Amino acid sequence: MRETSRTRRSRGAAAVLTAALLLATGALAGCDSSSDARGNGAPAKRRPSPRPTPVWDRSPDSIAAVGDSITRGFDACVVFSDCPEVSWATGTDTKVRSLALRLIGEPTAVAERSWNYARSGADVGDLPQQMALAAAKKPELVTVMVGANDACRDSAEKMTSVDEFRASFKASMGQLRRTAPKAQVYVSSVPDLMRLWSTGRGNPLGRQIWKLGICASMLGNSDDVSPKAQQRRTMVHQRVVAYNEVLRDVCAKDLRCRYDGGAVFEYRFSGEQLSRWDWFHPSRNGQERLAEIAYRNVTAAQPPRA
């Protein structure tokens, strides 16, 4: 049979279509293939995603402490004197078992790898300078307990304002970060001063000592339960609550900062846990309780909830 031009065109079109189908099939097979780059037919192995390095180290090996008289162990051993060896943060007393002892180990090692820059009478305005001293040691952990003296004034009207408290604490964190950017920070809440008043006012000696001027804004005229006195104490209590909110909020903005969730503020100190000289500062037993709270929060897998 004679091949016409139409037949030739039809045959050519069929050949082109067949070639296109073959190429498309090969391309699809290449896309769907699970073979590795060498073409040996073995499935490609997926590399596991690297685990992120935890920001919070639960076993720091060196500690610096900043803050006020509580961290100095004031009135825990001798009347009206510091006793840093029983400090909840860096003390070497084996009965108290400070945070440093629990984390680092032997008292000799604690003495070499811990530093206490807290000062009795200090308020949040003193914290930036203390932080500078702590940062210079490049510690793995810095403990902070401050705020009681900001509320404990001669009168409630003289308490540190919340805005000033916030500015000083933020400046302190900035001071630390400039020199020791990877240092962790454990922030203790301010104790509930009203609860301390309620606990200590039943002790006759405590009431007499308070008349010397210890935390007058809260403890002054301790037997006075008139509406005016109660209003004054409520004002101090609310200011302490506001300070703790500042500590929580500022700390939350730093990946290496952990607030205690209000644990110290909520803790109910008994008479046994208060100094027998002033019925206000923690005794040895009270320092031990603070160390327990700190150790539990520092070594927890997750930060405590506020």
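This text follows the structure it describes.
Nothing here was measured: the structure is a model prediction, and the numbers come from that model.

Trainee: I would appreciate a short explanation of the overall build of the protein chain in the present structure.
Mentor: Secondary structure assignment for the protein chain yields 12 helices and five strands. Summed over all atoms, the accessible surface of the protein chain reaches about 16,500 Å², with 52% contributed by carbon and sulfur.

Trainee: Would you take a moment to explain the sheet that holds strand 5 (residues 257-259) for this structure?
Mentor: Each strand in a sheet pairs with another by means of backbone hydrogen bonds, the pair being arranged parallel or else antiparallel. Strand order in the open sheet made by the five strands is 2-1-3-4-5, with parallel pairing throughout. A single partner strand is all that each edge strand has here, and the edge strands are strand 2 (114-116) and strand 5. Each strand of the sheet is rotated relative to its neighbour by a mean of 15°, with strand direction disregarded. Bridge count between strand 3 (residues 141-145) and strand 4 (residues 184-187): four bridges; the pairing is parallel. Across the sheet, T143 pairs through a bridge with Y186, a residue of strand 4. Helix 4 (residues 127-136) rests against strand 1 (63-67) and strand 3 of the sheet, and its axis sits at about 170° to strand 1.

Trainee: Help me out: how do you make sense of the layout of surface pockets in this one?
Mentor: Of the volumes computed, that of the largest pocket is approximately 280 Å³. In this structure, the largest pocket is lined by 15 residues; those nearest its centre are L255, C257, R258, Y259 and P303. For the lining of the largest pocket, the secondary structure elements donating two or more residues are helix 10 (227-252) and strand 5. Classifying every residue of the lining of the largest pocket gives 10 nonpolar, one polar and four charged. For the second largest pocket, the calculated volume is near 230 Å³. As for the second largest pocket, its lining consists of 14 residues, of which S69, G121, N149, F280 and H281 are closest to the centre. A breakdown of the residues in the lining of the second largest pocket according to their chemical character gives seven nonpolar, five polar and two charged.

Trainee: Explanation requested: helix 12 (residues 284-299) in the structure shown.
Mentor: Each α-helix turn comprises 3.6 residues. Residues three or four places apart therefore point the same way. A rise of 1.5 Å per residue sets the reference length of helix 12, with its 16 residues, at 22 Å; its end C-alpha atoms lie 22 Å apart and thus fit the reference within 8%. Within the span of helix 12, buried status applies to N285, G286, Q287, R289, L290, A291, I293, A294, N297, V298 and T299. Of the surrounding secondary structure, the elements contacted by the buried residues of helix 12 are helix 2 (99-104), strand 3, strand 4, strand 5 and helix 11 (263-266).

Trainee: In this structure, what is going on with the pairing of strand 3? I would like to understand it.
Mentor: Every regular strand shows the same layout, with side chains that alternate between the two sheet faces. Summarising burial for strand 3: five of the five residues are buried, a large majority. Neither face of strand 3 is exposed, since L141, T143 and M145 on one face and V142 and V144 on the opposite face are all buried. Here strand 1 runs beside strand 3; their pairing, made up of five bridges, is parallel. Its bridge partner being in strand 3, I63 is matched across the sheet by L141.

Trainee: In this structure, what is going on with empty space enclosed by the protein? I would like to understand it.
Mentor: Where empty space is left becomes clear once a probe the size of a water molecule has been rolled over the atoms. Applying the stated criterion to the full structure yields one cavity of 30 Å³ or more. The computed volume of the largest cavity comes to approximately 70 Å³.

Trainee: Quick question: what am I supposed to make of the environment of P107 here?
Mentor: Along the chain, P107 falls in helix 3 (residues 107-113). The exposure class assigned to P107 is partly exposed, which follows from its relative accessible area of 27%. Sequence separation of P107 and D93 is 14 residues, and the distance between their C-alpha atoms is 7.8 Å. If we skip the residues at most four places from it in the chain, P107 touches T92, T94 and L101.

Trainee: Honestly, the pattern of salt bridges in this entry has me stumped. Any pointers?
Mentor: Two side chains that carry opposite charge are able to pair once their charged atoms sit near each other. Scanning the entire structure with this criterion turns up 11 salt bridges. In this structure, the salt-bridge partner of R113 is D61, at a minimum N-O distance of 3.2 Å. Separated by 52 residues along the polypeptide, R113 in helix 3 and D61 in the loop between helix 1 (5-32) and strand 1 bring together distant segments of the chain. Under the relative-accessibility criterion, R113 is labelled partly exposed at 26%.

Trainee: Could you clarify how one ought to interpret helix 7 (residues 193-200) in this entry?
Mentor: All buried positions along helix 7 are accounted for by L193, R195, L196, W197 and G200. Residues of helix 7 that are buried make contact with helix 5 (148-151), helix 8 (204-210), helix 9 (216-219), helix 10 and helix 11. If you check the start of helix 7, you find a side-chain oxygen 3.1 Å away from the backbone N of M194, and it comes from D192.

Trainee: What is the right way to look at the packing of helix 4 against helix 6 (residues 162-179) in this model?
Mentor: Each pair of packed helices can be described by the angle between their axes along with the distance between the axes. Remark: helix 4 packs on helix 6, axes separated minimally by 8 Å, with the N-to-C direction vectors making an angle of 20°. One finds that helix 4 runs roughly parallel with respect to helix 6. For the pair helix 4 and helix 6, the crossing hand works out as right-handed. Of the residues in helix 6, those in contact with L127, P128, M131, A132, A135 and A136 of helix 4 are S168, F169, A171, S172, M173, Q175, L176 and T179. Counted by class, the contact of helix 4 with helix 6 contains 10 nonpolar, four polar and no charged residues.

Definitions and limits used
Residues numbered from 1 in each chain as written. Predicted model: local features only at pLDDT ≥ 70, side-chain atom pairs only at ≥ 80, totals over all residues. Heavy atoms only, no water. Helix = DSSP H or I, 4+ residues; strand = E, 2+ residues; numbered from the N terminus. Areas by Shrake-Rupley, 256 points an atom, 1.4 Å probe, with all protein chains shown as cover. Pairing = 2+ DSSP bridges. Axes fitted to C-alpha atoms, helices over the stretch in contact; angles between N-to-C directions. Contact = heavy atoms within 4.5 Å. 1 Å grid on protein atoms, 1.4 Å probe; cavity = no way out; pocket = protein on both sides within 12 Å on 5 of 7 lines; lining within 4 Å. Points joined across faces, edges and corners; volume = space filled by probe spheres on them. Nonpolar A, V, L, I, M, F, W, Y, C, P; charged D, E, K, R; others polar. Expected span 1.5 Å × (residues − 1). Buried < 20%, exposed > 50% of the residue type's maximum accessible area, 1.4 Å probe, protein only. Salt bridge = Lys/Arg side-chain N within 4 Å of Asp/Glu carboxyl O. Polar contact = N/O pair within 3.5 Å; in protein donor to acceptor, adjacent residues only side chain to side chain. Parallel < 35°, antiparallel > 145°, perpendicular 65-115°, else oblique. Left-handed = near helix turned anticlockwise from the far one by under 90°.

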